[in-house]
Structure formats: structure tokens, C-alpha cells
Amino acid sequence: MRLSKGFVAVAAAAAVVLGLTACTDSSAPAVDVETPADFAEGSTMARLADAGEITIGTKFDQPLFGLANPDGVPEGFDAEIGKLVAAKLGIEADKITWVETVSANREPFIQNGQVDLVIATYTINDDRKKVVSFAGPYYTAGQDLLVLDGNPEGIESADDLAGKKVCTVSGSTSEKNVAEYTTDILATDTYSNCLEPLRTGAVSAVTTDNVILAGLADQNEGEFEVVGETFTEEPYGIGLALDDTDFRMFVNDTLQDAEDDGTWDELWEKTAGKVLDTPTPPTIDRY
Ligand code: GLU
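If you're wondering where the values come from, they're calculated on a predicted model, not measured in any experiment. (Residues numbered from 1 in each chain as written. Predicted model: local features only at pLDDT ≥ 70, side-chain atom pairs only at ≥ 80, totals over all residues. Heavy atoms only, no water.)

### A few points about the overall build of the chain
Right, so step 1: Each helix and strand in the chain was counted, giving ten helices and 13 strands.
Right, so step 2: Within the span of the chain, comprising 287 residues, buried residues form 48% of the whole.
Right, so step 3: Considering only residue pairs separated by 6 or more positions, the chain has 71% of its internal contacts joining residues 24 or more positions apart.
Right, so step 4: Of the roughly 13,500 Å² of accessible surface on the chain, a fraction of 49% belongs to carbon and sulfur atoms. (Helix = DSSP H or I, 4+ residues; strand = E, 2+ residues; numbered from the N terminus. Buried < 20%, exposed > 50% of the residue type's maximum accessible area, 1.4 Å probe, protein only. Contact = heavy atoms within 4.5 Å. Areas by Shrake-Rupley, 256 points an atom, 1.4 Å probe, with all protein chains shown as cover.)

### Remarks on the environment of Pro137
Right, so step 1: Of note, Pro137 is situated in strand S7 (residues 132-141).
Right, so step 2: Spatially, the C-alpha atoms of Pro137 and Glu234 are 9.3 Å apart, while their sequence positions differ by 97 residues.
Right, so step 3: Among residues more than four places away in sequence, those in contact with Pro137 are Ile124, Pro235, Tyr236, Glu259, Pro282, Thr283, Ile284 and Asp285.

### Looking at the confidence of the model for the chain
Right, so step 1: Looking at the chain, pLDDT values average 91 and 90% of them are 70 or higher.
Right, so step 2: Strand S6 (residues 117-118) holds the highest mean pLDDT among the elements of the chain, 99, whereas helix H1 (residues 5-27) holds the lowest, 39. (pLDDT = per-residue confidence, 0-100.)

### Describing the sheet that holds strand S2 (residues 61-62)
Right, so step 1: Here we have three strands laid out as an open sheet, ordered S2-S3-S4, and antiparallel in their pairing. The open sheet is flanked by S2 and strand S4 (74-75), the only strands paired with a single partner. (Pairing = 2+ DSSP bridges.)

### What about the sheet that holds strand S9 (residues 166-169)?
Right, so step 1: Pairing in this open sheet of five strands is mixed, and the strands run S10-S9-S11-S8-S12 from one edge to the other. Edge strands, defined here as strands with exactly one partner in the open sheet, are strand S10 (185-188) and strand S12 (224-226). Each neighbouring strand pair of the sheet contributes to a mean axis angle of 30°, computed without reference to strand direction. (Axes fitted to C-alpha atoms, helices over the stretch in contact; angles between N-to-C directions.)

### Some words on the packing of helix H3 (residues 77-88) against helix H9 (residues 245-260)
Two quantities define a packed helix pair, namely the angle between the helix axes and the distance between the axes.
Right, so step 1: Where H3 meets H9, the axes come as close as 10 Å, and the angle between the chain directions of the two elements is 110°. With respect to their mutual orientation, H3 and H9 come out roughly perpendicular. Both H3 and H9 take part in a crossing whose hand is right-handed. Contact with H3, carried on its side by Ile81, Leu84, Val85 and Lys88, involves Phe250, Val251, Thr254, Leu255, Asp257 and Ala258 of H9 and no other residues of that element.
Right, so step 2: Looking at the contact of H3 with H9, its residues break down into seven nonpolar, one polar and two charged. (Parallel < 35°, antiparallel > 145°, perpendicular 65-115°, else oblique. Left-handed = near helix turned anticlockwise from the far one by under 90°. Nonpolar A, V, L, I, M, F, W, Y, C, P; charged D, E, K, R; others polar.)

### Thoughts on the packing of aromatic side chains
Right, so step 1: Counted by the stated rule, this structure contains 15 aromatic pairs.
Right, so step 2: Measuring from ring centre to ring centre gives 5.0 Å for Phe77 and Trp268, while their planes differ by 80°; the resulting arrangement is edge-to-face. A residue pair is termed long-range when its members are at least 10 positions apart, and Phe77 in helix H3 and Trp268 in helix H10 (residues 263-269) qualify at 191 residues.
Right, so step 3: A residue is classified by how much of its surface remains accessible, and Trp268, at 0% relative accessible area, is buried.
Right, so step 4: Taken together, a centroid distance of 5.6 Å and an interplanar angle of 5° make the contact between Trp264 and Trp268 stacked. Taken together, the residues Trp264 and Trp268, both in helix H10 and four residues apart, mark about one turn of the helix. Each of the two residues, Trp264 as well as Trp268, counts as buried.
Right, so step 5: Site record: aromatic cluster; members linked through ring pairs are Phe65, Phe77, Tyr138, Tyr139, Tyr236, Trp264 and Trp268.
Right, so step 6: The aromatic ring of Tyr287 is capped on one face by Arg248, whose charged end is 3.9 Å from the ring centroid. (Phe/Tyr/Trp six-rings, centres within 6.5 Å; stacked < 30°, edge-to-face > 60°. Lys NZ or Arg CZ within 6 Å of the ring centre and 35° of its normal.)

### A word on a negative patch on the surface
Right, so step 1: Among the surface-exposed residues, Asp260, Asp261, Asp265, Glu266 and Glu269 lie close enough to one another that they form a single negatively charged patch.
Right, so step 2: Looking at the negative patch element by element, the count peaks at three residues for H10.
Right, so step 3: The topology assignment puts Glu269 in helix H10. (Patch = residues over 30% accessible without salt bridge, like charges linked within 9 Å, V, L, I, M, F, W, Y side chains within 5 Å. Salt bridge = Lys/Arg side-chain N within 4 Å of Asp/Glu carboxyl O. Lys, Arg positive; Asp, Glu negative; His and termini not counted. Charge placed at Lys NZ, Arg CZ, Asp CG, Glu CD.)

### Things to note about the site of the ligand
Right, so step 1: Lining the immediate environment of the ligand, one finds 16 residues, of which Lys59, Ser103, Thr123, Tyr191 and Asp209 sit closest.
Right, so step 2: Taking Ser103, its side chain carries an N or O atom lying 2.6 Å from an oxygen atom of the ligand.
Right, so step 3: In the model, an oxygen atom of the ligand is placed 2.6 Å from a nitrogen or oxygen of the Tyr191 side chain.
Right, so step 4: Contact with the protein chains covers 100% of the free accessible surface of the ligand, which is 280 Å².
Right, so step 5: When its residues are assigned to classes, the shell around the ligand shows five nonpolar, seven polar and four charged. (Near = heavy atom within 4 Å. Polar contact = N/O pair within 3.5 Å; in protein donor to acceptor, adjacent residues only side chain to side chain.)

### Notes on the side chain of Thr271
Right, so step 1: Within the secondary structure layout, Thr271 lies in the segment after H10.
Right, so step 2: The class for Thr271 is buried, based on a relative accessible area of 10%.
Right, so step 3: Setting aside residues no more than four positions away along its own chain, Thr271 makes contact with Leu64, Gly76, Phe77 and Glu80.

### Points about the state of the cysteines
Right, so step 1: For the structure shown, the criterion picks out one disulfide.
Right, so step 2: Disulfide pairing is shown between Cys167 and Cys194; the S-S distance is 2.0 Å. Across the disulfide from Cys167 to Cys194, rotation about the S-S bond amounts to roughly -75°, and the bridge is consequently left-handed. In this pair, Cys167 sits in strand S9 while Cys194 sits in the loop between S10 and helix H7 (195-200), placing the two residues 27 residues apart along the sequence. Cys194 shares its class with Cys167; the two are buried. (Disulfide = S-S within 2.5 Å.)

The structure is reproduced here in C-alpha cells:
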């Protein structure tokens, strides 16, 4: 088929417009800020809704879940979940104060009231539940291994780690779990700090949740690969003050609504879903 010059020009213009529309859509808020409900006096929801602002701790160096953009604002699935909760309180995304939390300071930041919520690839477990409470889970990851592209040391599972040095992060479940497989552990404060030791051969593998490793592999194309043999279950929760049950139930309701009305899928697909398949969200544990 021969196309006239005019048609090509119109089609090209249309493509530009479509491109711009797609761009606008992906950056548009996926959740509408709601008029805050009449929250019970004295509740955390009432305090935050009245203030019109909220402070949320998240990771700043984990692509797909929480990665600071050039303006210092984190982007990813965890950041979207934070905006979702804020919106239910009537709080606009630009009224969220994002605080960088690393694995080891999540509990103290909640306990000291430095943040209202932590949404940071944060595994729910019984030890942590002694000092903070968790809404969720809103996703279930599994611990895995990251190795150099081509897997030169032939590490196929955690069982192959005996006698090998592995990098992970202090205060994480990953650090605890991997100790069953090797005693030679380099513990640092963020997973991105583990990449250089892996590149130089100072360690044979990096270990943490599969989705964090997938984000790092995607960010550094051609350098690393995820082994793909998970050896734990890591249900991600939203950390909040211990025994603030009303707030925990409110966040649980918010997550449940998002799962039921398709918002969860939408938030996943515009972030982590660019690299990972869309899973069925886990059942919320209203303990
Ligand atoms: N999900 C695990 C944890 O909460 C590992 C990932 C992380 O450190 O954020 O400890």
C-alpha cells in the first residue's frame, strides 16, 4: 500500500499525541484523593486527615518498589501503596513526607514516631510484631540470590552457598535466613551497596527478596542474573505503631478495597509489573 505524504504526516502526529497521552496517563494519579470520612475523634486517621499530611518511610534505592527519582521522590509499588493510603485519608500525594528507611531502622522509626507508616519491602514476622503492628500482607516475595551474569560460580540454590561469601543487609530477614547456608556474610545497610562487591568478586552472591533482586538486575542490564530459586516466604506488610488497631484495620480495609476494585492491579502494573508478572494479591491477615 502506498501512503500519501499527508496521511503519513497525520499518522505521525497522531502517534505523537498517543505517545503523549500514554505518558500523561502513566504519571497521572491512579487513585483519587477522597473526601476524608468522619474518623473517630482521637484516632490516628482523624489526626492525619486533620493535618492533611502524613510521613511515610520507604526504600530509596530499590527499583520497582521504592527508588528516588531525580527530585528525591520515591517511585515504585511501595510508594503507590503509600499514596493509596494517603488518598483514603484525604491527603494529596504532594503532602506526603517521604523518609528513607533502610532495613535496620524500620522498627525504631515507627517506635519513635518518626514516621506514621513504613512501606518498604517489609516482611511481617512474629519478632517484629512484638514492637510494631502490620497491616497486610499486600504482596508475598521470596528470598533468592543474585549472581553475575552467566552465573560463573554455578550457584543454583541456597544449598550451593556453603563456603561462599554472600552480601546482604543488616536487620533484614535475608541476613537471618542466609545464615543457615553460609557463615561468610558481608552485611551492609542497603542492597545497592552489595552490587560493587558482587562486580569485583569480593562476594559470590547477593541475597534478599526476589523482587528486589529483579529490580537491581533490571536496573543494571546485562550485569547480573537472579538465580530464581526462592527459599523463604516474605509477606510484605505496612508497619505502623504497635497496637494501633483502628489504624491497622483502616489500612487493611484500604488494601482490601484496592484488591477488590482493580486498583491493586493498576498500581502493580504501572510499577513492578513493568518487569514482573502480575500475581494474585495475598489474603489480608486481620490478626
Ligand atoms: N523483606 C525482607 C525484610 O523485611 C528483606 C528485604 C528488606 O530488607 O527490605 O527484612
